[in-house]
Amino acid sequence: MSTQKRQRYKLGNVYAIPLPNAKFGFGRTMEDAGFAVYKHIGESEMDLPKTEDYKYIVGVYWQALRSDGWAVVENRPF
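The structure displayed is predicted, hence computed values, not measured ones. (Residues numbered from 1 in each chain as written. Predicted model: local features only at pLDDT ≥ 70, side-chain atom pairs only at ≥ 80, totals over all residues. Heavy atoms only, no water.)

J.: Looking at this structure, how should I read the sheet that holds strand β2 (residues 24-29)?
T.: Two modes of strand pairing occur in sheets, parallel and antiparallel, and in both the strands are linked by backbone hydrogen bonds. In spatial order, the strands read β4-β3-β2-β1-β5; together these five strands make up an open sheet with antiparallel pairing. Each edge of the open sheet carries a strand with a single partner, namely β4 (54-59) and β5 (71-75). Averaged over all pairs of adjacent strands, the angle between strand axes in this sheet comes to 30 degrees, irrespective of strand direction. As paired elements, strand β1 (residues 13-18) and β2 share five bridges and run antiparallel to each other. Bridged to Pro18 within β2 is Phe24. (Pairing = 2+ DSSP bridges. Helix = DSSP H or I, 4+ residues; strand = E, 2+ residues; numbered from the N terminus. Axes fitted to C-alpha atoms, helices over the stretch in contact; angles between N-to-C directions.)

This is the structure we're talking about:
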């Protein structure tokens with residue numbers, strides 16, 4: 001369970017996404033409703049990607065980012 005408070009939608013927010021194998025994926029909000037999913041898989045929600053190396057970018061409604069369990073762990077300005 002996340003220890004971070006849910007934050008409002010903001011460009012550059014990095015989200016920790018719990019995976020079924022007890023690890024974490026990460027995604028970052030982009031312009032024009034884009035959500036970049038990092039290649040990096042972390043051991044914890046604070047095991048953040050060190051580079052901006054994305055696996056893919058998808059379109060997403062900001063409301064979808066309010067999913068339970070998805071915590072904003074960092075903001076990386078552009």
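J.: Can you help me understand the environment of Phe24 in this one?
T.: Secondary-structure assignment places Phe24 in strand β2. Classification of Phe24 as buried rests on a relative accessible area of 17%. Here the alpha-carbon distance between Phe24 and Glu45, two residues 21 residues apart in the chain, equals 6.0 Å. Those residues within four positions of Phe24 in sequence are excluded, and the remaining contacts are Ala16, Ile17, Pro18, Leu19, His40, Ile41, Gly42, Glu43, Ser44 and Glu45. (Buried < 20%, exposed > 50% of the residue type's maximum accessible area, 1.4 Å probe, protein only. Contact = heavy atoms within 4.5 Å.)

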